[in-house]
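Fold and geometry: a report
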Amino acid sequence: MELNKNPVEGFSAGLIDDDDIYKWEVVIIGPQDTLFEGGFFKAYLTFPYDYPLRPPKMRFITEIWHPNVAKNGDVCISILHEPGEDKFGYEKPEERWLPIHTVETIMISVISMLADPNSDSPANVDAAKEWREDPNGEFKRKVARCVRKSQEMAYD
């Protein structure tokens, strides 16, 4: 309901099936002034039955080349990690899932992630290596291909 009252630019979200409140489809519009600009990236948000105590899982359905998105589309960002201490000591508890997070705060974080990848903790090591070593070379070419494919899929 909050999204209807205060829409956020850059994405749309809604239930996949009106009979299942735990499965959402989102479309993220590639942020302006980034390599992802102009893309339409579809993803699924799957909420656990004990939400908001635990985070949803997010998976891109549209192909996307990004250090923080696994090759299968799974999104890896701090606020989608289980609450509490990070056993690797990389994230502070307040950076991880908190019950105050909403679809809106998740989407804002994912849009921010697209604009500013974190290659220190990659889900896609190959993309992270390309982002670090040659962001305007092979990385840029692969992202541009994903943007083109997403545009074609958006109009199918």
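Quick summary incoming for the structure in this document. Note that the structure is predicted; figures quoted are calculated from it, not measured. (Residues numbered from 1 in each chain as written. Predicted model: local features only at pLDDT ≥ 70, side-chain atom pairs only at ≥ 80, totals over all residues. Heavy atoms only, no water.)

Remarks on a nonpolar patch on the surface
A surface patch of nonpolar side chains, amounting to about 250 Å² of accessible area, comprises Ile 16, Tyr 44 and Ile 61. Structurally, the position occupied by Ile 61 is in the loop between strand E4 (57-60) and helix H2 (103-115). A relative accessible area of 39% means that Ile 61 is categorised as partly exposed. (Patch = residues over 30% accessible without salt bridge, like charges linked within 9 Å, V, L, I, M, F, W, Y side chains within 5 Å. Areas by Shrake-Rupley, 256 points an atom, 1.4 Å probe, with all protein chains shown as cover. Salt bridge = Lys/Arg side-chain N within 4 Å of Asp/Glu carboxyl O. Helix = DSSP H or I, 4+ residues; strand = E, 2+ residues; numbered from the N terminus. Buried < 20%, exposed > 50% of the residue type's maximum accessible area, 1.4 Å probe, protein only.)

Observations regarding the nonpolar core
Grouped together as the largest cluster of nonpolar side chains are 30 residues, with contacts concentrated most on Ile 28, Met 58, Phe 60, Ile 106, Met 107 and Val 110. Mapped by element, the contributors of at least two residues to this core are strand E2 (23-29), strand E3 (40-46), E4, H2 and helix H4 (138-154). If you tally residues by element for this core, the top one is H2, at 7 residues. Ignoring sequence-local partners within four residues, the contact set of Val 110 consists of Ile 28, Met 58, Phe 60, Val 75 and Ile 77. (Core = buried A, V, L, I, M, F, W, Y, C linked by side-chain atoms within 4.5 Å. Contact = heavy atoms within 4.5 Å.)

Description of the sheet that holds E2
Ordered in space as E1-E2-E3-E4, the 4 strands form an open sheet in which the pairing is antiparallel. Where the open sheet ends on each side, the last strands, each with one partner, are strand E1 (11-15) and E4. Each strand axis lies, on average, 20° off the axis of its neighbour in the sheet, ignoring direction. Strand contacts of H2: E1, E2, E3 and E4, with the helix running at about 40° to E2, the strand carrying the most contacts. (Pairing = 2+ DSSP bridges. Axes fitted to C-alpha atoms, helices over the stretch in contact; angles between N-to-C directions.)

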